[in-house]
Amino acid sequence: MPPRESVVDNPKSPIRRYHHYIYIISWALLSSVILYCAGGISYVDALLLASGAATQTGLNTVDLNRLHVVQQVTLLVVSMVTNVIFVHSLLVVIRLYWFRKRFKRAINEAKMICRAQRYTLNQRLADVENGPSRAFSRERPSEEVPLLATVTEESQSASPSESPGGRKYGATGSMSPHITFCETDAEHEVKQRRRSYSGTWSRRSLPEIDSPQRRRSFSEMQNDMPPLPSLMWQSSIASYADWNEAQKEELGGIEYRALKTLFIILVCYYVIIHLLGALLFLVWILPNSHYGQILADNGLSRPWWAIFTAGSAFNDLGFTLTPNSMGSFNTAVFPLLVMTFLIVLGNTGFPCMLRFIIWTLSQFTTYGSPLDDELQFLLDHPRRCFTLLFPSTETWRLAAVLLLINAIDLIIFYALQEFPHPSPISAGLRLVNGLFQIASTRTAGFTIASLGTLHPAVQVSFVGMMYISAFPIAIAMRKTNVYEERSLGIYNEEYDEHDKPHQSDSLGAHIQRQLGFDLWFVMLGFFFVAVAEGKRLQENRTDIAFSLFPILFEIVSAYGTVGLSMGYPGTETSLCREFNGVSKVIVITMQVRGRHRGLPHALDHAILLPCDLVEPDEQGRRPEWWWKRWIRKKSSDLGNLFTHD
C-alpha cells in the first residue's frame, strides 16, 4: 500500500474530531430551540435536556411526562441521529463518497494520460512514415469511438499490429485487459499504406524493427505488461456519469463492495432493533391492565410509551416518561430484561454483536461468492472499514472485559446492599433488578430505586463504573489502530514525525493514557460547580443531599454520558435541577466534552483502488499510481524503438 500521509499533521484531512463537535452541538442547539418554543421550561433547562439527548446522557431537570408530545418526540429523534451507531455509520457513507470522488479523479487522469501517450505515439509514427508534416491532430473528432475499449474476440486473435482497432499492448490472444489507442481516419490510412509492404511493418520506413533484436525488444515490451487497473477495462470512460454501479464496483474493488455491504448490515441492525424493541414492549403493555393503569395515571398512551422506552434504551438515553424512571416497573421481569439487552446492543456490546452478525452471515454464504468475499474482507480488515469493528482477538477481549466489569459491579451491589427481611420480592427478581441496574450504570442511566438509599460503597462503585464507561471500547479502538492495517482512526500521540507508531501498544499503556486524559476534565468541572454553588454549600452544611459527593456523582455521570443521579428529596428529577444557571451550563459542557472522549483526532481519508496495491520496495515504500509511471516508461521505450538510429 502507498505510504499514508499523517492525517494528524495534514490540515487537508477532511474529517476531524471538531466536525463531530459541530454535529453534536448543532443538534443540541436546534433541539433546544424546539423545546423552548414549545413552552413550559426555561431555555437553560431546554438546552440541558437537548444536550442530554444529543450526548445520550439523560440528566433531566423536569419531569418528561409533563412535556408536550412535540418535545418528547424531539428528544427521541435527536437521540436517534446522534447515538454511537448512527454517527459511526455516517462515516461509512462518507467513505463511500470519497471512493466515488476518487473514481472521478482516476477516470480523468487515465483519460489525460492515454490521450497524451496516443498523441506522442501518433507523432512519432507520422515522423517515421512521412516526416513531421504529417503529424496528426491532438484533438479527437466527435465521431471517434471510445478512448479505451475492451478487447473483442475478433481482435484477440489478431496480432497487435493487425488489429483494426489500433495497437494493443499485451500478450497476443490473451484475455487480459489492454489499452486501445483508437485511431483517426488519417492514422488508419497511414497504417493501411504500411500494410501494403511485405510483412506487418514497412521494411522501408521502419527497417530497424525488422532486426531480430528489435523484434525481441518489442515482444518483450508487450509480454511483460502487468495487469492494468480495472478502470482500463471499461467499454467507455468518456464520462463518470456513464458508468453503472457494476463498473464502479469493479473499479473500487473489494473494499468498496465491502463498505456497501457493511452499510446495509448497519442500517438493518439499527432499524430492526428499534422496531423489535418497540414491538416487544407494545405486545407486553397492551393487554397488561396493571401497568397500563400506571401509564394512564401519568397521562401516557401505551403505544407511545413502548416506542419511547425502546428508543431510549437502545440509544442509551436514559429518559423515561414515568417520573421515577423505571421504579414503577421494578417487578416487571419482561420489560427489564428487554431493556437490559437493548442497552447492551446499543452501546457496549455493539462491536461484539456486529462482528458476530458478519461472521454468521459468512457461514451461510456460498464459498467464493462476491458476498462471501465482502464479508471475509470485513472480518480480515475490520478497522480499515469501520471504526467500531475489531479483529477477532480484540473482540473476544472486549466481550470478556465487559462481562468481568459487570460481574464485579453486580457482586459489589449484592454483597453490600441490604435487603429488608422478609424481602417483598423474590431472589430471582432481585437478580433481574441487579442486572438491569448494573447494565444501566455504565451507559443508560435508568434506575429502579433511589440511589440515595444505596450503601455508600455501592454509590462509590457506581462513580467508578460511570467514569470508566467508555474505556473498554475506547481502548479497543486505540489498541487496534495499527499502522500496517491502515485503520481509519488516527491518534496524535501514536505517531512520530515519520508517521510510524512509537509508543507501547500494551493494555496498561492505553489505560494510563485514557486515565490521564479524562481525570483532569472531571476535576475541573467539579471545581467550577463547587465554586458556583459555594454559597449554598456553606449555608446548608447539614443538607447531605446537596453536598460535595452528590455533586461529584452528578459531574461524573454527565462526563461519562450515563445520566445516573442521586436526585434530591421531594423531586423526581436529577440533582442538577437544584443547580443555578452557571452550574447547569457547566454540566452541559461536561456532557458535550464527555461524549467525545476516546474518539480519534481524525479520520484517515486515504482511498485505495486495486490499481494502487503493489508490493513495497526495499525501503518498505509503496509507490502510488504506479500504473501511470508504467505507461510513461513503456511509451518512452516505444518511442526509442521508433527513433533509434
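Residues numbered from 1 in each chain as written. Predicted model: local features only at pLDDT ≥ 70, side-chain atom pairs only at ≥ 80, totals over all residues. Heavy atoms only, no water.

Draft legend 1. A look at the nonpolar core. One finds Leu 49, Leu 262, Leu 354, Ile 358 and Phe 386 to be the most contacted residues of the largest nonpolar core, which totals 81 residues. If one sorts the elements of this core by residue count, helix α8 (residues 245-285) sits on top with 14 residues. Of all hydrophobic cores here, the second largest spans 37 residues; its members include Leu 48, Met 466, Phe 553 and Met 566. (Core = buried A, V, L, I, M, F, W, Y, C linked by side-chain atoms within 4.5 Å. Buried < 20%, exposed > 50% of the residue type's maximum accessible area, 1.4 Å probe, protein only. Helix = DSSP H or I, 4+ residues; strand = E, 2+ residues; numbered from the N terminus.)

Draft legend 2. Quick look at the packing of helix α10 (residues 302-314) against helix α11 (residues 333-346). It is at 7 Å that the axes of α10 and α11 come closest, and there the two elements cross at 45 degrees. Regarding the angle of α10 to α11, the classification is oblique. Facing α10, whose interface residues are Thr 309, Ala 310, Ala 313 and Phe 314, α11 presents Met 339, Leu 342, Ile 343, Leu 345 and Gly 346. In the contact of α10 with α11, the residues fall into 7 nonpolar, 2 polar and no charged. (Axes fitted to C-alpha atoms, helices over the stretch in contact; angles between N-to-C directions. Parallel < 35°, antiparallel > 145°, perpendicular 65-115°, else oblique. Contact = heavy atoms within 4.5 Å. Nonpolar A, V, L, I, M, F, W, Y, C, P; charged D, E, K, R; others polar.)

Draft legend 3. Highlighting the environment of Glu 374. In this structure, Glu 374 sits in helix α13 (residues 370-380). As a C-alpha pair, Glu 374 and Lys 260 span 114 residues in sequence and 9.1 Å in three-dimensional space. Not counting residues up to four positions away in its chain, the partners in contact with Glu 374 are Ile 254, Arg 257, Ala 258 and Thr 261.

Draft legend 4. Fine view of the UniProt feature "transmembrane region" (unreviewed entry) in the protein chain. Mapped onto this structure's residue numbering, the UniProt feature "transmembrane region" (unreviewed entry) falls at residues 21-44, 73-98, 262-284, 333-358, 396-416, 457-477, 515-532 and 544-568. Each end of residues 73-98 is marked by a C-alpha atom, and these two atoms are 34 Å apart; helix forms 96% of the span and strand 0%. Span residues 262-284 is 100% helix and 0% strand, its end C-alpha atoms 33 Å apart. (UniProt positions renumbered as here; feature names shortened; annotations may be inferred.)

Draft legend 5. Broad picture of α10. In a regular helix each residue adds 1.5 Å, so 13 residues correspond to 18 Å; α10 covers 18 Å between its end C-alpha atoms and thus fits that length. Taking burial as the measure, the 13 residues of α10 include 10 buried ones, the bulk of the element. Residues of α10 that are buried: Trp 304, Trp 305, Ala 306, Phe 308, Thr 309, Ala 310, Gly 311, Ser 312, Ala 313 and Phe 314. The residue sitting at the N-terminus of α10 and contributing the capping side-chain oxygen is Ser 301; that oxygen lies 3.4 Å from the backbone nitrogen of Trp 304. Immediately beyond the C-terminal end of α10, within one or two residues, lies Asp 316, with a positive phi of roughly 55 degrees. (Expected span 1.5 Å × (residues − 1). Polar contact = N/O pair within 3.5 Å; in protein donor to acceptor, adjacent residues only side chain to side chain.)

Draft legend 6. Structural context of the packing of aromatic side chains. Throughout the structure, instances matching the rule amount to 24 aromatic pairs. Ring plane angle 15 degrees and centroid distance 5.2 Å describe the contact between Tyr 291 and Phe 329, whose orientation is recorded as stacked. With Tyr 291 in helix α9 (residues 289-297) and Phe 329 in the loop between α10 and α11, the pair connects residues that are 38 residues apart, well separated along the chain. Taking the relative accessible area as the measure of exposure, Tyr 291 reaches 8% and is therefore buried. Aromatic ring contacts, followed pair by pair, group Phe 86, Tyr 269, Tyr 270, Phe 314, Phe 350 and Phe 386 into a single cluster. Above the ring of Phe 546, the side-chain terminus of Arg 536 is found at 3.9 Å from the ring centroid. Positioned above the aromatic ring of Phe 521, the side-chain terminus of Arg 593 is 4.2 Å from the ring centre. (Phe/Tyr/Trp six-rings, centres within 6.5 Å; stacked < 30°, edge-to-face > 60°. Lys NZ or Arg CZ within 6 Å of the ring centre and 35° of its normal.)

Draft legend 7. Quick peek at the environment of Ser 426. Mapped onto the elements of the fold, Ser 426 is located in the loop between α15 (392-416) and α16 (427-444). Note: C-alpha distance between Ser 426 and Thr 331 (95 residues apart in sequence) is 9.6 Å.

Draft legend 8. Seen up close, α15. Compared with an ideal rise of 1.5 Å per residue, which puts 25 residues at 36 Å, α15 spans 36 Å between its outermost C-alpha atoms and is within 8% of the ideal. Every buried residue of α15 is accounted for by Glu 394, Thr 395, Leu 398, Leu 402, Ile 405, Asp 409, Leu 410 and Phe 413. Residues of α15 that are buried in the fold lie against α12 (350-363), α16, α17 (456-467) and α18 (471-479).

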